[in-house]
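Each chain, written out:
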Amino acid sequence: MAVRPYWKGYLKLSLVNCPVILSPVTTEGDKVKFHTINRKTNHRITTRYIDSVSEKVVDKDQQAKGYQKAEEEYVLMEDDELDAVKLESARTIDIDEFAPADSVEWTYFDSPYFVTPADEVGEEAFIVIRQAMANANVVGIARLVINGRERAVMLQPWDEGILLWTLRFGDEVRDEDEYWKEVDDKPVDKKMLAMVEQLIESRTTTWSDDMVEDPVQERLLDIIKQKQPSKKKTKPKVVEEDEEIERPNNVVDLMAALKKSLEGKPEGAPKKQSR
């Protein structure tokens, strides 16, 4: 079944432009979804906006966006004020900068989209832009309005098309140095290093999407099929304060663990495929 276009607009590079379509790379259409239900009536529960003080329902025309300046003090923003800071065109991906393909850190990547020509007329311009980026080994940086929000995006040549990634803004990504500074930079034991490399080699195999299958999905479907309405409520087991909880012992000798790992593969370990 054909996927409905998520976004339609134009891809523009200086004076070259072409109509394009954006389609999400990922889908959750087949995922099990749950609604919140009233146990007594078996009816779905709906959400309403309630005034936090009066506890009365607030009508749509009385709802506004507000920036919290201080406790219980908000600056209200009107729609025309918010529109004034948005992109002039919400339907154009205008590439104004390029960066080496391997220079954008993965921590900035958010959601991927396939970019394809919208018609045959613009296909030639699309192919030229894609191929020129591929030849130069660069990615394009632009801005785009998706779901009413302006996003920084990266355009990457991908097979016969272009992959667009929405990017997190700079102030949304934490500085990794704050975390790595706690890791001691001391010499690595060469014997241990060789053993870990051998362990990695024995478990290296060809990538397959089977590696990232969702194990919960099928289990949930089985439970839903088998589940029957019941009036009895089972109480979850409560652990008393003085009841001892069994905890795994994670204090092990690293060298011993590596030796044991190399002696025999754990059950379920992937088999190395010949290349």
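As a reminder, the structure under discussion sits directly above these lines.
Residues numbered from 1 in each chain as written. Predicted model: local features only at pLDDT ≥ 70, side-chain atom pairs only at ≥ 80, totals over all residues. Heavy atoms only, no water.

Draft legend 1. Up close: the overall build of the protein. A tally of regular secondary structure across the protein gives 6 helices and 10 strands. Considering the protein as a whole, with its 275 residues, one finds that 18% of them fall into the buried category. Taking all contacts inside the protein whose residues are at least 6 apart in sequence as the whole, residues at least 24 apart take part in 63%. Accessible area of the protein: about 23,800 Å², with a carbon and sulfur share of 51%. (Helix = DSSP H or I, 4+ residues; strand = E, 2+ residues; numbered from the N terminus. Buried < 20%, exposed > 50% of the residue type's maximum accessible area, 1.4 Å probe, protein only. Contact = heavy atoms within 4.5 Å. Areas by Shrake-Rupley, 256 points an atom, 1.4 Å probe, with all protein chains shown as cover.)

Draft legend 2. Expanded view of the nonpolar core. Judged by nonpolar contacts, the single largest core of 21 residues is most densely connected at L11, L22, I93, L144, L155 and L164. For this core, the secondary structure elements donating two or more residues are β1 (7-13), β2 (16-24), β7 (109-117), α2 (123-136), β8 (138-146), β9 (149-158) and β10 (161-167). A99, F109, M154 and L167 belong to the second-largest nonpolar core, a separate cluster that totals 9 residues. (Core = buried A, V, L, I, M, F, W, Y, C linked by side-chain atoms within 4.5 Å.)

Draft legend 3. Up close: the packing of aromatic side chains. All chains considered together, the criterion is met by 4 aromatic pairs. Between W106 and W165, the ring centres sit 6.3 Å apart and the planes meet at 80°, which makes this aromatic pair edge-to-face. Of this pair, W106 sits in the loop between β6 (97-100) and β7 while W165 is found in strand β10, placing the two residues 59 residues apart along the sequence. Taking the relative accessible area as the measure of exposure, W106 reaches 65% and is therefore exposed. A relative accessible area of 14% places W165 in the buried class. Relative to W165, the ring of F109 lies with its centre 4.9 Å away and its plane at 35°, an arrangement referred to as tilted. On the criterion of sequence distance, the pair formed by F109 in strand β7 and W165 in strand β10 is long-range, its members being 56 residues apart. Linked through ring pairs, W106, F109 and W165 together constitute an aromatic cluster. (Phe/Tyr/Trp six-rings, centres within 6.5 Å; stacked < 30°, edge-to-face > 60°.)

Draft legend 4. Region of interest: a negative patch on the surface. Together, D209, D210, E213, E218 and D222 line one region of the surface with negative charge. Here D210 is to be found in the loop between α4 (190-203) and α5 (215-226). Residue class for D210 comes out exposed when judged on its relative accessible area of 51%. (Patch = residues over 30% accessible without salt bridge, like charges linked within 9 Å, V, L, I, M, F, W, Y side chains within 5 Å. Salt bridge = Lys/Arg side-chain N within 4 Å of Asp/Glu carboxyl O. Lys, Arg positive; Asp, Glu negative; His and termini not counted. Charge placed at Lys NZ, Arg CZ, Asp CG, Glu CD.)

Draft legend 5. Main features of the environment of K12. Position of K12 relative to the elements: it lies in strand β1. Assessed through its relative accessible area of 29%, K12 is described here as partly exposed.

Draft legend 6. View of the pattern of salt bridges. Throughout the structure, instances matching the rule amount to 7 salt bridges. Here E160 makes a salt bridge to R130, at a shortest N to O gap of 3.9 Å. Of this pair, E160 sits in the loop between β9 and β10 while R130 sits in helix α2; the two residues are 30 residues apart in sequence, bridging distant segments of the chain. The class of E160 is exposed, set by a relative accessible area of 65%.

Draft legend 7. Representation of the sheet that holds β7. Strand order in the open sheet formed by 8 strands is β5-β1-β2-β7-β10-β9-β8-β6, with mixed pairing between adjacent strands. For this open sheet the edge positions go to β5 (92-94) and β6, each flanked by a neighbour on one side alone. Each strand axis lies, on average, 40° off the axis of its neighbour in the sheet, ignoring direction. Relative to β7, β2 is paired through 5 bridges, and the arrangement is antiparallel. When the sheet's bridge partners are listed, V20 is paired in β7 with P117. On top of the sheet, α2 reaches β1, β2, β6, β7, β8, β9 and β10; it is set at about 80° to β2, its chief contact. (Pairing = 2+ DSSP bridges. Axes fitted to C-alpha atoms, helices over the stretch in contact; angles between N-to-C directions.)

Draft legend 8. The pairing of β7, seen in detail. Bridge count for β7 against β10 is 5 bridges, and the pairing is antiparallel. When the sheet's bridge partners are listed, P112 is paired in β10 with W165.

Draft legend 9. Structural detail: a nonpolar patch on the surface. A cluster of nonpolar side chains, V25, F114 and W158, forms an exposed patch at the surface whose accessible area comes to about 270 Å². Note that W158 resides in strand β9. The class of W158 is partly exposed, set by a relative accessible area of 42%.

In short, geometric facts, not functional conclusions.
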